[in-house]
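Observations on the model geometry
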Amino acid sequence: MARQVTLNRRLINTAVAWSLGLLIFFPILWTILTSFKTEAEAISLQPSLFGFDWTLENYQEVNARSNYPRFFANSVIIAVGSTLLGLCIAVPAAWAMAFVPSNRTRGILMWMLSTKMLPPVGVLIPIYLIFREFGLLDSRIGLVFVLMMVNLPIIIWMLFTYFREIPGEILEAARMDGANMKSEILYVLTPMAVPGIASTMLLCVILAWNEAFWTLVLTTTQAAPLTQFIASFSSPEGLFYAKLSAASTMAIAPVLILGWFSQKQLVRGLTFGAVK
Amino acid sequence: MMSPAVILLLLWMIVPLAMTLYFSFLRYNLLMPGTEAFDGIQNYRYFLTDPAFLEALGNTLMLVGGVLCITVIGGTLLALLLDQPMFGQGIVRLLFIAPFFVMPTVSALVWKNMFMNPTNGLFAFVAKVFGGTPIDWLGHYPLPSIILIVAWQWLPFATLILLTALQSLDSEQIEAAEMDGANAFSRFFHIVVPHLARAATVVILIQTIFLLSIFAEILVTTNGGPGNASTNIPFLVYAQSLLQFDVGVGSAGGIVAVVLANIVAIFLMRMVGKNLDL
Amino acid sequence: MKYFKKAALAAATGAILAAGAAQAETVTIATVNNGDMVRMQKLTDDFTSKNPGIELEWVTLEENALRQQVTTDIATKGGQFDVMTIGTYEVPIWAQQGWLVPLDDLGADYDIDDILPAIRGGLSVDGSLYAAPFYGESSMVMYRTDLMEAAGMEMPEAPTWDFIADAARAMTDKDNDIYGICLRGKAGWGENMAFLTATANSFGARWFDEEWNAQFDSPQWAETLNFYVDLMNEAGPPGASNNGFNENLTLFRNGQCGMWIDATVAASFVTNEESTVADSVGFALAPDNGLGKRGNWLWAWSLAIPAGTQQEEAAKKFVAWATSKDYLELVAENEGWANVPPGTRTSLYENPEYQKVPFAQMTLDSINSADPTNPTVDPVPYVGVQFVAIPEFQGMATAVGQQFSAALAGQTTVESALANAQALTQRTMDRAGYPK
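Now for a look at the structure at hand.

Parameters and conventions
- Residues numbered from 1 in each chain as written.
- Chains lettered and ligands numbered in written order.
- Predicted model: local features only at pLDDT ≥ 70, side-chain atom pairs only at ≥ 80, totals over all residues.
- Helix = DSSP H or I, 4+ residues; strand = E, 2+ residues; numbered from the N terminus.
- Buried ≥ 20, exposed ≤ 12 C-beta atoms within 10 Å, placed from the backbone.
- Pairing = 2+ DSSP bridges.
- Core = buried A, V, L, I, M, F, W, Y, C linked by C-beta atoms within 7 Å.
- Contact = placed C-beta atoms within 7 Å.
- Nonpolar A, V, L, I, M, F, W, Y, C, P; charged D, E, K, R; others polar.

**A look at the overall build of chain A**
The number of helices and strands found in chain A is 12 helices and zero strands. Ordered by position from N to C terminus, the α and β elements of chain A give α-α-α-α-α-α-α-α-α-α-α-α. With the principal axes as the frame, chain A shows a C-alpha extent of 75 × 70 × 30 Å. Burial statistics for chain A: of 276 residues in total, 56% are counted as buried.

And the structure:
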């Protein structure tokens, strides 16, 4: 920072930013705190921030009622699987668009993005019938495929904006050295593109993890991810705020932690094409 | 090289879409098998003359527009704030980005039950502490409440992208402007805003894609009500296909939604094309 | 399409092979996350120890989500479930489509004649039982004896709506967060419309006349809805338009409701250890208006087996276990008689142990006083107390429920809510081609 800043100003900035940050984070914090309360305290008309009897009973109850490890494993498999599969298809496509553009490139890209605007309910019955036909209902592979398709346009678009920033001269130099298309991608582009691919991957894992339409409709038990786990704790009979909070905490914690650790890469990938 | 992706997306789009299109001309209710028959454009007529349709269309636009306004303006302000020197910037940033990682269903459940509930919610408690009457958020302000919840989820995204854009701003340019005697206000509008335009375009594009099909938040919080006050197009299609199990009308609604989405897409593409020089 | 099919098949083969090993005798059960079902899930060790070789997989969902999943599955023959939890609304419709396995052979000691006649009738088509009742319910008044006393009033065993309204207003103390009456307001055919349809019956209203014409323009409906909205505005909790069964249960347990008219199963929840008012709860029949019909409904959450399941025998074993007399005793042993799933078997109500439970008799009387085949004051062409047993009902009643919920929230007037309800109901019925 070249500009001079007084300590006062810095303190004011800090205070304002921290209070706003805490305000925005508060719903999550409150959920986590509530998960350690008893049900009676959770709905108390005089809520307390920290001064309550901390208890683990909600977590025990949630664990006793459902097989968390299986939901968790399914979420990981589906999120990571669909992302990896998507990358396999998207990297060549984005590569071609970025380095061998034609008049139609822009149109195709925009058409791809527009496929994301369809409301999924509109095609629910057809997809359901197709899945039944192929025996894909409640299978991880089916869900991996669907989520891959759902996120593919975003993956391609992000990779495209990223690849476009790689200077074309490097490719030409490689071609001069006799590299064919395959080795161009493998040895020249990939190393330069790794940061972009990494951030694309992160975003996709997060989006797939949080996807709550197809995962609920197409799974029952064997392939059910954490969204299904949450659904079984939403508004049951009786008091449920604390148990719901515990289940919520368990469902969002993995991706929250992943996101926090990787936020720098994530943002860089998202903004590469935009911020220049 | 593009072809696998294009073929897959084509299949993904065209196979279900063709089936949807076909169903949309059928009289087809899941609960009454064996009664399927060609029905002309009756399904479209039924869907488009539904009194809820225009309301849902308006709500969809309000929802997208409202969230975009809040996130772009709020995101810009927050980005400006976070760009200032301060203590613990890294941690503050973590606090700001957190909502983006929360599952939409979870955030809707938490907001509905633990914050907006007019008897046991935290907002009601705060209102009572200050001697006010608790507001029945989801009953009286259903759409604004949903906009608030969705904006909360997307604000971090906008903030971070705009912040990154801001950080890439040439500080010499600002200093030069400062020397020319430009005040903070005109510096902001003549240098910062144009610089952010491109990032804002990305924010608007990506968010619109997701906001047009907002569904889980509505299902969990208000179920589209009271009345149709918070029903958007995806929710209306859902009500036809999964409450009424009328696949014919649901499919017609799906096709209408696709057409509307494409209209929005064309506008967006125009805008994006200009700003992203694709 | 062909190319796609091959590719998808190749991809799917792996998944099917992987799933094959576990498929031996796994029964997948879809159920609601209501308290009694969660308890059943906890007690499954008893079943699996008696039936080695059968494994149970549970899908526990909130009511509406469950209904969508099982309906989509059964209508498209998805085959994802072996046992489904459905209600008295679905059973006759689905059974007539041939979607359910008849359950007339659940074993010699099952004692099918022990099932309460009102419940059994609702789950049978042409004399065959198509779903076994897990618990049955009607609706009744639950009230706070202490607040009633403080208000200087006394609850009769069979109150009128006028009495309920007076008592509700007298009990309300908004400064202390006490509301005279809590009623369902959340839109949904199984939420506010269950309550309002049953209530309307006691006001002499009906959904359709004998020619299937919608009746929301009748003075009886106007009277019903005005009564409801006025009462809730004066004596109901804030945000009532978002309150369903669970929200009201929470309020009542938390001591914020003077009276609550809802499902009889709630009785055990408001009197157990999680309730702060357990010691001062009284019960009464659902109110009437002197027209010969009470505002109580009839419902049974039941276990049904979809036709075409691969695990029919194992599924039947499970259904028989979960709805047997032995299961009732198992719950009684583990959790006490008050927590036994109520409203299904005559023998339960003859059991002296169960008769000690404070709400037992009132539950039985409520169930017996509901008559699904003759639900209204004026004649109707349909069956069902709080619903109309036709496939179109759930979508249309949910839309009507949205209108009534909006009237409760003050977003629209009672008159325009009724006019909208009339228009949309008639529209749906015309499209469906009634009268058939």
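**Some details on the pairing of strand β6 (residues 132-144) of chain C**
All names here are of chain C. The buried fraction of β6 is high, at 13 of 13 residues. Sheet analysis places β6 next to strand β10 (residues 298-304), joined by six bridges and oriented antiparallel. Among the inter-strand pairings, glycine 136 is bridged to a residue of β10, identified as alanine 300. Pairing of β6 with strand β8 (residues 257-263), which is carried by five bridges, proceeds in the antiparallel orientation. Note on β8: the bridge partner recorded for methionine 140 is aspartate 262. Pairing of β6 with strand β9 (residues 281-285), which is carried by five bridges, proceeds in the antiparallel orientation.

**Comments concerning the nonpolar core**
In this structure, Ala94(A), Leu159(A), Met142(C) and Met259(C) are the most contacted members of the largest nonpolar core, which totals 314 residues. Here this core gets 19 residues from one element, more than from any other, and that element is helix α7 (residues 140-163) of chain A. Those residues in contact with Met142(C), other than ones at most four positions away along the chain, are Phe252(C), Met259(C), Trp260(C), Ala266(C), Ala267(C), Val270(C), Val281(C) and Phe283(C).

**Overview of the interface of chain C and chain B**
Facing the 30 residues of chain C at the interface are 28 residues of chain B. Those elements that provide at least two residues to the side of chain C that touches chain B are α4 (63-75) and α18 (393-409) of chain C. Sorting elements by how many residues they give to the side of chain C that touches chain B places α18(C) first, with eight residues. The class makeup of the residues in the side of chain C that touches chain B is 11 nonpolar, 17 polar and two charged.

**Looking at the pairing of β10(C)**
Residue and element names in this part refer to chain C. Counting buried residues along β10, seven of its seven residues qualify, which places the element largely inside the surrounding structure. Because side chains alternate across β10, one face comprises the buried residues Leu298, Ala300, Ser302 and Ala304, and the other comprises Trp299, Trp301 and Leu303, equally buried. As judged from the three bridges shared by strand β3 (residues 83-86) and β10, these two strands associate in the antiparallel manner. Opposite isoleucine 86, over in β10, you have serine 302 as the bridge partner.

**A look at the interface of chain B and chain A**
It is common to give the size of an interface as the accessible area that goes away when the parts come together. Taken together, the 75 residues of chain B in the interface contact 73 residues of chain A. Broken down by element, the side of chain B that touches chain A gets its largest block of residues, 12 residues, from helix α1 (residues 3-23) of chain B. Partitioned by chemical class, the residues of the side of chain B that touches chain A number 60 nonpolar, 14 polar and one charged.

**Focus: unusual backbone geometry**
Note the cis peptide between Tyr434(C) and Pro435(C), where omega equals -5°. Positive phi outside glycine occurs at Asn223(B), with the angle close to 55°. Residue position: Asn223(B) is located in the loop between α11 (216-221) and α12 (233-243). Judged by C-beta crowding, with 26 C-beta atoms within 10 Å, Asn223(B) ranks as buried. Phi at Asp126(C) takes a positive value of approximately 50°, unusual for a residue other than glycine. Tracing the backbone through its elements, the reader meets Asp126(C) in the loop between β4 (124-125) and β5 (128-129). Exposure remark for Asp126(C): the 8 C-beta atoms within 10 Å place this residue in the exposed category.

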